[in-house]
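Summary of the model geometry
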Amino acid sequence: MAATALAHEKVWIDRNAIASAEKKYYEYLSKINSAPSQCTLASEISKARQHIKNSLERMDGIAALAASPGAELLDRLSSVEKENEQLRSIIDGLNNLVLDLHERVKSLESGKTSSSTAKPAAAAPAKKAPAVDEDEDDDVDLFGSEDEDEDAAAVALREKRLADYAAKKSKKPVLIAKSNVILDIKPWDDETDMKEMEQQVRKISADGLLLGAAKLVPLAYGIHKLQMSCVIEDDKISVDWLQEEIEKIEDFVQSVDIAAFNKI
């Protein structure tokens, strides 16, 4: 079967024709693959030429602008010249105004000097006129009574206003300076009756003194101190006086210290 199949094949007989066909095929493929590269290279060359051409045109435009001033520059120069002309006209007007003012001041000063020299001559005879009737009018007081009435009315009005001000000031509430004091009252030993000591302390009373809350604070070795707060008026009660009054309770109190002192 294999021999009969190979007998009908003509591949080996036409080998040269097949080889030439294969060669042509590969040549065709090589042409197709080389065509895009040639196209891209030509396009790059054309782009470079166009870029060079554009750059040369721009350089020519810059050279032309440098050789001749542009319209914008000319407009600016003309506007600056117009502004200079306006400023010159304004300065000339100000100079003229200053000169006019100078002339007016001179004329006014000359008029004042002439009037000042003329006034003493006219006023000289007027001074001698009252001297004729001095003796006749010594005892005549035409406006004395009215002045006295006005002075009395002014004094009465001033006194009334002062009284009203004093009344208003007295009605205003007076601020009372107060202080919050916390006292540490120490007993002699742990056998001191702290309740009795607190009662003895609370018996102290005075105007401007207000005793507050109290508590026992551990001190040492089972001894407690009595810590008491109070409010005092600074003008009426001093802390030293309060300490002395509490220390007078010698049966219970050993010493009194100030733990805190704050203004209210």
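Above this text sits the structure in question.
Treat the numbers as computed from the prediction; the structure is a model and nothing was measured.

1. A few points about helix α6 (residues 239-247)
Three or more residues of α6 are buried, namely Val239, Leu242, Gln243 and Ile246. Along α6, the residues classed as buried sweep out an arc of 100 degrees about the axis, all on the same side. Of the surrounding secondary structure, the elements contacted by the buried residues of α6 are β1 (178-187), α5 (194-202), β2 (209-220), β3 (223-233) and β4 (253-263).

2. Topic: a nonpolar patch on the surface
Residues Leu87, Ile90, Ile91, Leu94, Leu97 and Leu101 make up a contiguous nonpolar surface patch of about 570 Å² in total accessible area. Position of leucine 94 relative to the elements: it lies in helix α3 (residues 71-128).

3. Topic: the nonpolar core
Counting residues in hydrophobic clusters, the biggest one holds 20 residues, and the most contacted among them are Leu183, Ile185, Ile246 and Val253. Listing elements by their share of this core, those giving two or more residues are β1, α5, β3, α6 and β4. With four residues, the top contributor of residues to this core is β3. Once residues lying within four places of it in the same chain are set aside, the contact partners of isoleucine 185 are Met197, Val201, Lys225, Leu226, Ile246, Val253, Ser255 and Val256.

4. With respect to the sheet that holds β1
Taken together, four strands build an open sheet; the order of strands is β2-β3-β1-β4 and the sheet is antiparallel. Among the strands making up the open sheet, the edge pair consists of β2 and β4. Adjacent strand axes in the sheet meet at a mean angle of 20 degrees, parallel and antiparallel pairs treated alike. Here β1 pairs with β3 via eight bridges, running antiparallel. Considered in β3, the bridge of leucine 183 is made with methionine 228. Along the sheet, α5 contacts β1, β2, β3 and β4; its crossing angle with β3, the most-contacted strand, is approximately 15 degrees. This element, α6, spans β1, β2, β3 and β4 of the sheet and lies at about 155 degrees to β4.

5. Points about α5
Among the residues of α5, Met194, Met197 and Val201 are the ones counted as buried. For α5, the angular spread of buried residues about the axis comes to 55 degrees, placing them on one side. Considering only its buried residues, α5 is in contact with β1, β2, β3, α6 and β4. A distance of 3.3 Å separates the backbone nitrogen of lysine 195 from a side-chain oxygen at the start of α5, and that oxygen is part of aspartate 193.

About the thresholds
Residues numbered from 1 in each chain as written. Predicted model: local features only at pLDDT ≥ 70, side-chain atom pairs only at ≥ 80, totals over all residues. Heavy atoms only, no water. Buried < 20%, exposed > 50% of the residue type's maximum accessible area, 1.4 Å probe, protein only. Helix = DSSP H or I, 4+ residues; strand = E, 2+ residues; numbered from the N terminus. Arc of directions from axis to C-beta. Contact = heavy atoms within 4.5 Å. Patch = residues over 30% accessible without salt bridge, like charges linked within 9 Å, V, L, I, M, F, W, Y side chains within 5 Å. Areas by Shrake-Rupley, 256 points an atom, 1.4 Å probe, with all protein chains shown as cover. Salt bridge = Lys/Arg side-chain N within 4 Å of Asp/Glu carboxyl O. Core = buried A, V, L, I, M, F, W, Y, C linked by side-chain atoms within 4.5 Å. Pairing = 2+ DSSP bridges. Axes fitted to C-alpha atoms, helices over the stretch in contact; angles between N-to-C directions. Polar contact = N/O pair within 3.5 Å; in protein donor to acceptor, adjacent residues only side chain to side chain.

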